[in-house]
Amino acid sequence: MKFASEFRDPKAARALLAAIARQAEALGATRAKPIHIMEICGGHTHSIFRYGLDKLVHEGIEFIHGPGCPVCVLPRARVDECIELAERPEVIFTTFGDAMRVPGSKQSLMQAKAAGADIRMVYSPLDALELARRHPDREVVFFGLGFETTTPSTALAIQQAAREGLTNFSVFCNHITVPEPIKALLDDPHMVLDGFIGPGHVSMVIGIRPYDFIARDYHKPIVVAGFEPTDLLQSILMILAQIEAGRAAVENQYARVVPEDGNKASLAAIADVYEKRPSFEWRGLGEIDASGLRIRPEYRAFDAEEKFGIGYAGVRRHVPEVEGTACGEVMTGRMKPPQCPQFGKGCTPEMPLGALMVSSEGACAAYWQYGGARGEPAGEAAE
């Protein structure tokens, strides 16, 4: 199959749904005692709701939404630090659009921009590099944000800045890694997870080997999947087949895109520019060991934390969540978005209280855009 339409073929989808139903029945899965499958990636969450897969699959399959939205897992203190940087008169602060409306403890980057801070949306760190070339009298800071998917592009930008000697360019590094929070969830005795749908875009970079511990140490199946309806349905069927056979393995449904050993050029750039942080704070999960990246000493001139004495290079702050919200519980799959007391009331896309409602990969945004329009997921989750 070469074209996107073939991965949305109704006949193929119906065949996969029938096979999933047979497998679920054979495993004795019911609405009251479902098989819990966590889709790690926020992009998968949106695909599931966009195509109505949560309603089409057998009632004994329950999707658990994981911490795979990089904007959503960022703690409020880091947003505050972004704004603190942006409000410096010498700084041009650059960011992807997804982060503009994420609220900090007092305001968002968009509100700070409206108040006069020089904050500019860019499509890549190369755009920020160009600003640094055009404004040698200003400090241009790029908000380095995301999982392993976006980490290589930031690394390549830092390498280019070093070659050109653009010392007025720096990165506020908030790049994070996928395996460590999954381990934290698996170590939580209150989490009930039977299998995982692995992230497709992240795996394009890192391959599938970093997930070996999930099968080896925790005996849970994981299938790296694409984002089309038949991709996701096939991955669910592959997980159920593993469970029925009593085995746990890392499988690659997205082999047309994901190389098993990852992208060597991207991995080399990451290894050259970054090293693991001792720990990094995640919304809803707290500090997780070795779950974030920081810029190596060789590239310290391009590290905004070191340059401006902020973040982990300054005084660390913890900012609690907005009272009455359940961002952490939703982010870690302990609660569905409509179960949050603020969902659709105090927290809406127009007036968000948390990042999950504004990010294009946020679980609350998915429920609002797709589930909320149908009404059914919200009603069921609230019962």
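Residues numbered from 1 in each chain as written. Predicted model: local features only at pLDDT ≥ 70, side-chain atom pairs only at ≥ 80, totals over all residues. Heavy atoms only, no water.

Colleague: Can you break down unusual backbone geometry residue by residue, with the values?
Modeller: At H219, a position not held by glycine, the phi torsion is positive, near 55°. Among the secondary structure elements, H219 is positioned in the loop between helix 10 (212–218) and strand 8 (222–224). Even without glycine at this site, A290 takes up a positive phi of about 55°. (Helix = DSSP H or I, 4+ residues; strand = E, 2+ residues; numbered from the N terminus.)

Colleague: Provide a residue-level description of the sheet that holds strand 3 (residues 91–95), including the pertinent values.
Modeller: Ordered by their spatial adjacency, 4 strands build an open sheet running 4-3-5-6, and the pairing between neighbours is parallel. Single-partner strands in this sheet number two, and they are strand 4 (119–121) and strand 6 (169–175). Each adjacent strand pair in this sheet contributes to an overall mean axis angle of 25°, direction not counted. By the bridge criterion, 3 bridges tie strand 3 to strand 4 in an arrangement that is parallel. Within the sheet, the bridge partner assigned to F93 lies in strand 4 and is I119. Docked against the sheet, helix 4 (residues 76–86) engages strand 3, strand 4, strand 5 (139–146) and strand 6, running at close to 170° with respect to strand 6. The strands touched by helix 6 (residues 125–134) are strand 3, strand 4, strand 5 and strand 6; relative to strand 5, the strand with the most contacts, the crossing angle is about 175°. (Pairing = 2+ DSSP bridges. Axes fitted to C-alpha atoms, helices over the stretch in contact; angles between N-to-C directions. Contact = heavy atoms within 4.5 Å.)

Colleague: Describe the packing of aromatic side chains, naming the residues involved and giving the relevant values.
Modeller: Across all of its chains, the model carries 9 aromatic pairs by this definition. Each ring, one from F143 and one from F172, has its centre 6.1 Å from the other, and the planes form 25°; the classification is stacked. One end of the pair, F143, is in strand 5; the other, F172, is in strand 6, with 29 residues separating them in the sequence. We classify F172 as buried; its relative accessible area is 0%. (Phe/Tyr/Trp six-rings, centres within 6.5 Å; stacked < 30°, edge-to-face > 60°. Buried < 20%, exposed > 50% of the residue type's maximum accessible area, 1.4 Å probe, protein only.)

Colleague: Tell me about the pattern of salt bridges, and please be specific about residues and values.
Modeller: Counted by the stated rule, this structure contains 22 salt bridges. Salt bridges here are not isolated pairs; linked through shared partners, they connect R78, E81, R277 and E305. (Salt bridge = Lys/Arg side-chain N within 4 Å of Asp/Glu carboxyl O.)

Colleague: Tell me what's going on with the packing of helix 6 against helix 7 (residues 151–164), and back it up with residues and numbers.
Modeller: Where helix 6 contacts helix 7, the axes come no closer than 9 Å and their chain directions differ by 25°. Our classification of the angle between helix 6 and helix 7 gives roughly parallel. Note on packing geometry: the crossing formed by helix 6 with helix 7 is right-handed. In contact with P125, L129 and R133 of helix 6, helix 7 contributes S153, T154, A157, Q160, A161 and E164. Partitioning the contact of helix 6 with helix 7 into residue classes produces 4 nonpolar, 3 polar and 2 charged. (Parallel < 35°, antiparallel > 145°, perpendicular 65-115°, else oblique. Left-handed = near helix turned anticlockwise from the far one by under 90°. Nonpolar A, V, L, I, M, F, W, Y, C, P; charged D, E, K, R; others polar.)

Colleague: Which residues make up the side chain of D303, and what are the values?
Modeller: Inspection of the secondary structure assignment puts D303 in the loop between strand 13 (293–295) and helix 13 (304–308). Here D303 is buried and forms no salt bridge, its nearest opposite-charge partner R277 lying at an N-O distance of 6.1 Å. A polar side-chain atom of D303 sits 3.0 Å from the main-chain amide nitrogen of E305. Excluding anything up to four places from it in sequence, D303 contacts S170, V171 and I295. (Lys, Arg positive; Asp, Glu negative; His and termini not counted. Polar contact = N/O pair within 3.5 Å; in protein donor to acceptor, adjacent residues only side chain to side chain.)

In short, the description is geometric, and any link to function would need to be established separately.
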